[in-house]
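Structural overview
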Amino acid sequence: MSEYHATVSWQRGEEEKFTDEKYSRMHSWTFEGGIMIPASPSHHIVPLPYSNPNYVDPEQAYVASLSSCHMLSFLHVAAQAGFCVDEYEDNAVGYLERVSRGKMAMTKVVLRPKCTYSGAKKPTPDDLEDLHHQAHEVCFIANSVKTEIVTEIIS
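Residues numbered from 1 in each chain as written. Predicted model: local features only at pLDDT ≥ 70, side-chain atom pairs only at ≥ 80, totals over all residues. Heavy atoms only, no water.

Okay, the nonpolar core next. Formed by Phe 74, Val 77, Ala 78, Phe 83, Tyr 88, Cys 115, Tyr 117, Leu 128, Leu 131 and Ala 135, the largest nonpolar core amounts to 10 residues. Apart from residues lying up to four places away in sequence, Cys 115 is in contact with Phe 74, Val 85, Glu 87, Tyr 88 and Ile 154. Of all hydrophobic cores here, the second largest spans 9 residues; its members include Cys 69, Met 106, Val 109 and Cys 139. (Core = buried A, V, L, I, M, F, W, Y, C linked by side-chain atoms within 4.5 Å. Buried < 20%, exposed > 50% of the residue type's maximum accessible area, 1.4 Å probe, protein only. Contact = heavy atoms within 4.5 Å.)

Below, the structure written as structure tokens:
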């Protein structure tokens, strides 16, 4: 078993009352190795100035985590199949929707991977379907969530 650690830190500003709900939600994520990422709730949910659209929000991080894990899994299965991937880009989109009264959920994430390849062996559309299916099956994050994850392969 492996362990992964993240520290999430927030502090109330001295001038903020807090109980009036007019306080900054900006915070930080610090990961093993020391990298710190400024974070905020989505400005679509918490209005400015209590959020910051230039910071990463949890919903964006969720989509990026799924996309990143799928990419790493895809690179692994593509290499095992003998395909040389030169570039991989995914413009992933997550959909936050109301699932019941008072509850919101990230109900769907659409991955749109586009790859370039070199070498004599190039994947066919059927190969790509199979490789992305394999990648989805072994992706740790995809195996950890109930969100529908769709892969739309971009050629």
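Looking now at the sheet that holds strand β8 (residues 148–151). Across the sheet, 3 strands lie side by side as β5-β6-β8; this open sheet has mixed pairing. Unpaired on one side and paired on the other, β5 (93–100) and β8 mark the two borders of the sheet. Taken over all neighbouring pairs, the strand axes of this sheet differ in orientation by 25° on average, direction set aside. Pairing of β5 with strand β6 (residues 103–111) involves 7 bridges; the strand directions are antiparallel. When the bridges of β6 are listed, Leu 96 appears paired with Met 106. Each of β5, β6 and β8 touches helix α1 (residues 58–80); the most contacted strand, β6, lies at about 35° to it. (Pairing = 2+ DSSP bridges. Helix = DSSP H or I, 4+ residues; strand = E, 2+ residues; numbered from the N terminus. Axes fitted to C-alpha atoms, helices over the stretch in contact; angles between N-to-C directions.)

Such coordinate-based values are descriptive only and should not be taken to indicate function.
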